[in-house]
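Fold and contact review
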Amino acid sequence: MEGSRSTDGTSFELLSRLLEILREENAFNESGDEPVVRFVQPEELRNRMPMDLDEEPATKEEIETAVRQTIRYSVKTTSPHFHNQLYAGIEVYGLAGSWLTDVLNTSQYTYEVSPVFTLMERQVIGKSLKLFGYPQFPEGDGIFCPGGSISAMYGMAVARFNKFPDVKRKGLAGLPPLACFTSEAGHYSITKGAHWLGLGTDHVYKVETDELGRMRPDKLSSAIAEARKQGNVPFFVNATCGTTVLGSFDPLPEIAAICKKEDLWLHVDACLGGTLLLSEKYRARLKGVELSNSVAWNPHKMLGAPFQCSMFLTKGKNLMHETNCAGAKYLFQQDKHYDVSWDTGDKSLQCGRKVDTLKLWLMWKARGTRGLRESVDTAMHAAEYFFERIKNREGFRLVLPSYECCNICFWYVPPSMRGQEETQDWWNKLYRITAKIKELMMLDGSLMIGYTPLTYKNHGNFFRMVVTCQPPKTEASMDFAIDKLEQLARDL
């Protein structure tokens, strides 16, 4: 009905203007001259931006204003001074792939509706299988999925089906209580997966870590024995390459040997650390990953692919399909005019599945493996430079003596607290000051570094500096972070 929505001309005018608006608002600025964030409290932001959705359509001017405000008050992850999460800015070819994906707006479940993307996904999955030392299709398999948490549940579901195939038809009622294992530093998605898959969170055994945050194989063996003693059946171990906070790498060869002896499925959460496999210099930190049964990798983290870009890889011919298939005849007809083995949807938990492969495919195609390798080496050099700058610098206190990935964790002791007896009250004050420094960062808007406690190691708040591939980090950007943090904390 005329007037009920924007005309096509007006809509396409906005699209044609969008790139210009992004430039005018400095959304792509990687110089570091612009604020990382213009922070305002929620109530104030709600007053500044007209969030209400009304009966009548907004004008063209109102829409453009809303677009500009959205850019202005959002965090600029493209800034070289955003170190707050395990992701940051996006790679330009990946962004082009993301836009193209959304323009074509299709679902990745059948070759019929997604012919080009089906071939792209097979190519990227194949390259990734090789990267992790897995066999190629059909002995190896994989799928793009919404994130590492879903990848972990894929691993748990495939592992359970592999050990107890009848679970698909009969459910959990006919099974003994199952037990799974992860380190105390492992991602919380294992606990969530245990809930969603009906295992129960009490059946997740958290394995003690060593002084560098790595799972202790001897404690894993003890936990497996304890689970059996309690009448549970162990079936799944989650090891981590690049833990969320400390970036630690579990000793995979030793863990794999235990899993082989105990007949357990080994899943590796390499969502963060898997990117190091692209580097000749750092890939040895994932030694033994090829011994695992499944793995998760998130190129949207350190590598800088646009959200979301995550994959689950596994060994076992047709195992993903057998685990997840439901045989919906309206979608996965077996009498199609093409080879239906290219239809990927029935091995997926989802029905509609967003095309995520084009982002990484276009990055890989444009940069080549060599270009991706160079970006990883650049990021790791910056992280190591930051570590070397602070390890003996007055006021800085490292949480660990060394780091394996792109995370550097530390406390900053302001001048007013130096040279004092480090009692528990002193530490508690330092934890509060860490949160205060973070507040000053946000209000200043020039730097974002996250902070976190680590309760299983009895650590209160400390900073977690994350260095990613996008935008490319430099020694100058590392120096800026150090200088700015000292400046903000000077008078505390």
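This section reports on the structure supplied with the text. (Residues numbered from 1 in each chain as written. Predicted model: local features only at pLDDT ≥ 70, side-chain atom pairs only at ≥ 80, totals over all residues. Heavy atoms only, no water.)

Considering the overall build of the chain
Filter applied, for reference: Numbering goes from the N terminus for both helices and strands, where a helix is a DSSP run of H or I of at least four residues and a strand is a run of E of at least two. Note on method: radius of gyration uses C-alpha positions; expected globular size equals 2.2 Å times residues raised to 0.38. Partly exposed describes any residue whose relative accessible area lies between the buried limit of under 20% and the exposed limit of over 50%, with all areas from a 1.4 Å probe on protein chains only and scaled to the type maximum. Only heavy atoms enter the contact rule, under which two residues are in contact if any of them lie within 4.5 Å. Reported accessibility uses the Shrake-Rupley method at a 1.4 Å probe radius. Residues are deemed covered only where the shown protein chains occlude them.
In terms of helices and strands, the chain carries 14 helices and 12 strands. The globule rule puts the C-alpha radius of gyration for 492 residues at 23 Å, and the 24 Å found for the chain is close to it. A total of 492 residues make up the chain; the buried ones form 51% of that total. Looking at the chain alone, contacts between residues at least 24 apart form 73% of all its contacts between residues at least 6 apart. Summed over its atoms, the accessible surface of the chain is roughly 23,200 Å², and 52% of this surface lies on carbon and sulfur atoms.

Overview of the nonpolar core
What counts here: For the purposes of this section, nonpolar cores are sets of buried Ala, Val, Leu, Ile, Met, Phe, Trp, Tyr and Cys residues that join through side-chain atoms within 4.5 Å.
Phe-132 and Phe-181 are the most contacted members of the largest nonpolar core, which has 95 residues in total. The biggest single contributor to this core is helix H12 (residues 357-390), with 13 residues. Listed in part, the 25 residues of the second largest apolar core include Ala-159, Val-167, Phe-312 and Met-320.

Some thoughts on the side chain of Thr-275
The topology assignment puts Thr-275 in the loop between strand E6 (265-269) and strand E7 (294-297). Residue classification places Thr-275 among the buried residues on the basis of a relative accessible area of 0%. Excluding its chain neighbours within four sequence positions, the residues that come into contact with Thr-275 are Trp-297, Met-302, Leu-303 and Val-376.

Quick notes on the sheet that holds strand E10 (residues 407-412)
Sheets are built from strands that pair by backbone hydrogen bonding, the pairs being arranged parallel or antiparallel. Operational definition: Only strands that DSSP links by at least two bridges are regarded as paired with each other. Axes here mean lines fitted to C-alpha atoms, for a helix over just the part in contact, with angles spanning 0 to 180 degrees between N-to-C directions.
Across the sheet, which stays open at both edges, the 5 strands sit in the order E1-E11-E12-E10-E9 with mixed pairing between neighbours. Where the open sheet ends on each side, the last strands, each with one partner, are strand E1 (82-83) and strand E9 (396-398). Across the face of the sheet, H12 comes into contact with E9, E10 and strand E12 (459-466) while running at roughly 25 degrees to E10. Seen against the sheet, helix H14 (residues 475-489) touches E1, E9, E10, strand E11 (448-454) and E12 and runs at an angle of roughly 25 degrees to E10.

Here we look at a nonpolar patch on the surface
Heads up, the rule is: Every patch collects residues that have over 30% relative accessible area and no salt bridge, joining them within 9 Å if they carry like charges and within 5 Å if they are nonpolar side chains (Val, Leu, Ile, Met, Phe, Trp, Tyr). For this analysis, a salt bridge means a side-chain nitrogen from Lys or Arg found within 4 Å of a carboxyl oxygen belonging to Asp or Glu.
The grouping of Leu-19, Phe-28 and Trp-99 at the surface amounts to a nonpolar patch, some 270 Å² of accessible area in total. Residue position: Trp-99 is located in helix H4 (residues 92-104).

Side note on the state of the cysteines
Here is the rule we go by: Note on terminology: pairs of cysteine sulfur atoms within 2.5 Å are recorded as disulfides.
Under the counting rule described, the total for this entry stands at 0 disulfides. Free cysteine Cys-145: the closest other cysteine sulfur is in Cys-271, separated by 8.3 Å. By relative accessible area, Cys-145 is classed as buried at 1%.

Some words on the pairing of strand E8 (residues 310-315)
Burial of E8 is extensive: 5 of the 6 residues sit out of reach of the surface. With 6 bridges joining them, strand E2 (residues 140-145) and E8 adopt antiparallel strand pairing. By the bridge assignment, Phe-144 is partnered in E8 with Met-311. Two elements, E7 and E8, share 4 bridges in a ladder whose sense is antiparallel. Within the sheet, the bridge partner assigned to Ala-296 lies in E8 and is Phe-312.

Section: the packing of aromatic side chains
Rules: Each pair of aromatic rings taken from Phe, Tyr and Trp, with Trp reduced to its six-membered ring, is defined by centres within 6.5 Å and is described as stacked if the planes are under 30 degrees apart, edge-to-face if over 60, and tilted in the remaining cases. Charge-over-ring contacts are defined here by two conditions on Lys NZ or Arg CZ: a distance within 6 Å of the ring centre and an angle within 35 degrees of the ring normal.
Inspection of every chain in the model, using the stated rule, returns 16 aromatic pairs. Between Phe-396 and Phe-410, the ring centres sit 5.6 Å apart and the planes meet at 45 degrees, which makes this aromatic pair tilted. Of this pair, Phe-396 sits in strand E9 while Phe-410 sits in strand E10, placing them 14 residues apart in sequence. Overall, the relative accessible area of 8% leaves Phe-396 in the buried class. By the ring-pair criterion, three or more aromatic residues cluster together here, those being Phe-386, Phe-396, Phe-410, Tyr-412 and Phe-463. Positioned above the aromatic ring of Tyr-134, the side-chain terminus of Lys-315 is 5.0 Å from the ring centre.

Things to note about the environment of Met-215
Note that Met-215 resides in the loop between strand E4 (204-207) and helix H9 (217-229). For the pair formed by Met-215 and Leu-252, sequence separation is 37 residues and the distance between their alpha carbons is 9.4 Å. What Met-215 contacts, discounting residues up to four positions off in sequence, is Thr-182, Ser-183, Val-207, Glu-208, Thr-209, Leu-220, Asn-238, Asp-250, Pro-251 and Ile-255.

Remarks on the pattern of salt bridges
Following the criterion strictly, the structure yields 34 salt bridges and no others. Note that Arg-370 and Glu-374 form a salt bridge whose closest N and O atoms lie 3.5 Å from each other. You can see Arg-370 and its partner Glu-374 sitting in helix H12, 4 residues apart, about one turn around the helix. Classification of Glu-374 as partly exposed rests on a relative accessible area of 43%. Several salt bridges converge on common partners, so that one network encompasses Arg-17, Glu-20, Glu-24, Glu-25, Glu-64, Arg-68 and Arg-72.

Structural notes on the packing of helix H5 (residues 115-131) against H12
We apply this condition: We call two directions roughly parallel when the angle between them is under 35 degrees, roughly antiparallel when it is over 145, roughly perpendicular when it lies between 65 and 115, and oblique otherwise. Each crossing gets its hand from how the near helix is turned against the far one by less than a right angle, where anticlockwise is left-handed and clockwise is right-handed. Each residue is assigned to one class: nonpolar for Ala, Val, Leu, Ile, Met, Phe, Trp, Tyr, Cys and Pro, charged for Asp, Glu, Lys and Arg, and polar for all the others, Gly among them.
Here H5 crosses H12 at 60 degrees, and the two axes come no closer than 9 Å. By the angle class used here, H5 and H12 are oblique. With respect to the hand of their crossing, H5 and H12 are arranged in left-handed fashion. The segment H5 lies against H12, with Phe-117, Met-120, Glu-121, Gln-123, Val-124, Lys-127 and Ser-128 engaging Thr-357, Leu-358, Leu-360, Trp-361, Trp-364 and Thr-369. A breakdown of the residues in the contact of H5 with H12 according to their chemical character gives 7 nonpolar, 4 polar and 2 charged.

Points about the sheet that holds E2
Here 7 strands make up an open sheet; going across it, the order is E2-E8-E7-E6-E5-E3-E4 and the pairing mixed. The open sheet terminates on both sides in strands that have one partner only, identified here as E2 and E4. Averaged over neighbouring strand pairs, the angle between their axes works out to 20 degrees when direction is ignored. Each of E2, strand E3 (178-183), strand E5 (233-240), E6, E7 and E8 touches helix H6 (residues 148-163); the most contacted strand, E5, lies at about 150 degrees to it.

Worth remembering: the numbers are spatial, not functional.
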